[in-house]
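Here is what each chain is made of, one letter per residue.
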Amino acid sequence: DWPKVNSLGVMNASTLTQACAIAKVAKEGKTALVLVEDESVGTKLVRDINEIMGVEIAALFPSRAFNFLPILAQNNEYELARIAVLNKLKNGACKAVIATPKATQQFVMPKKVLAENSFCLQKNDGISILQLTQRLCKLGYLACEFVEVPGQFAVRGGIVDIYSPGEKKPMRIEFFGDEIENIFELNVLTNRRESTKEKLEVLPVKEAVYTPEKLF
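The following refers to the structure shown. Note that the coordinates shown come from a computational prediction; the quantities given were computed from them, not determined experimentally.

So, how was this worked out
Residues numbered from 1 in each chain as written. Predicted model: local features only at pLDDT ≥ 70, side-chain atom pairs only at ≥ 80, totals over all residues. Heavy atoms only, no water. Buried < 20%, exposed > 50% of the residue type's maximum accessible area, 1.4 Å probe, protein only. Helix = DSSP H or I, 4+ residues; strand = E, 2+ residues; numbered from the N terminus. Pairing = 2+ DSSP bridges. Arc of directions from axis to C-beta. Salt bridge = Lys/Arg side-chain N within 4 Å of Asp/Glu carboxyl O. Phe/Tyr/Trp six-rings, centres within 6.5 Å; stacked < 30°, edge-to-face > 60°. Lys NZ or Arg CZ within 6 Å of the ring centre and 35° of its normal.

**Here's the deal with the pairing of strand β5 (residues 119-122)**
(1) Moving on: Only one face of β5 is buried: it carries Phe119 and Leu121, and the other face, with Cys120 and Gln122, is open.
(2) Moving on: Bridge count between β5 and strand β12 (residues 199-202): 4 bridges; the pairing is antiparallel. If you follow leucine 121 over to β12, its bridge partner there is leucine 200.

**Some thoughts on helix α6 (residues 129-138)**
(1) Moving on: Every buried residue belonging to α6 is among Ile129, Leu132, Thr133 and Leu136, and all of these are buried. For α6, the buried positions fall inside an angular range of 95° around the axis, keeping them on one side. In α6, the exposed positions angled more than 90 degrees off the buried face are occupied by Leu130 and Lys138.
(2) Moving on: Of the residues flanking the end of α6, it is glycine 140, one or two places downstream, whose phi is positive at about 95°.

**A few points about the pattern of salt bridges**
(1) Moving on: Here the structure, examined in full by the defined rule, presents 12 salt bridges.
(2) Moving on: Lysine 44 is the salt-bridge partner of aspartate 48, the closest N and O atoms lying 3.3 Å from each other. With aspartate 48 and lysine 44 both in helix α2 (residues 39-53) and 4 residues apart, the pair spans about one turn of that helix.
(3) Moving on: Linking lysine 197 and glutamate 185 is a salt bridge whose minimum nitrogen-to-oxygen distance equals 3.6 Å. Of the two residues, lysine 197 sits in the loop between β11 (193-196) and β12 while glutamate 185 sits in strand β10 (residues 179-186), which places them 12 residues apart along the sequence.

**Here's the deal with the packing of aromatic side chains**
(1) Moving on: Throughout the structure, instances matching the rule amount to 0 aromatic pairs.
(2) Moving on: The cationic tip of arginine 135 hangs over the ring face of phenylalanine 119; the distance from NZ or CZ to the ring centre is 3.9 Å.
(3) Moving on: The aromatic ring of phenylalanine 184 is capped on one face by arginine 193, whose charged end is 4.2 Å from the ring centroid.

As far as function goes, none of this settles anything; it's purely spatial.
What follows is the structure, encoded as structure tokens:
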């Protein structure tokens, strides 16, 4: 259910030559999946493609890190990055996915599941803070005092700060009663609001989404 990808033979070519070939495919409106030997090569290829195109149409799809030992906390940075790339694909904003074979062999959230477990917040939407926080918790978000990394949210009075995967900065949602009054970008360092936004797309923070209905 994901976009049909096109294979492209650019083996033994320089990274810049590969980037030009992939950019050509993107200009034709096609979606390319490019396999690379390691993610450091992929990162450079993504940078070159985006510089050639002048817009961010390429993204690195990283492999997930697995830990089978008991730990108090686990860094899900790579899982969040995978979800962000999948969302770009869903919205047609990504035309070149760069990945290692390992990354493509791991579980990938189906497009339908991603769509069903994402939602959009806009100005003047009618939703209570309680309803919003319940939805965030179901999607795997962690409540904290201040948001610092994707997958966190914080509530203070009539304000909810949310850091959704794929966003470069967290967002501050200001409520007036049970209605969204304003949405702003949030500066993580100063915890102060910045530019105004019209909407925020809230994505899940786990590729495997569980609901009470599916557990029993």
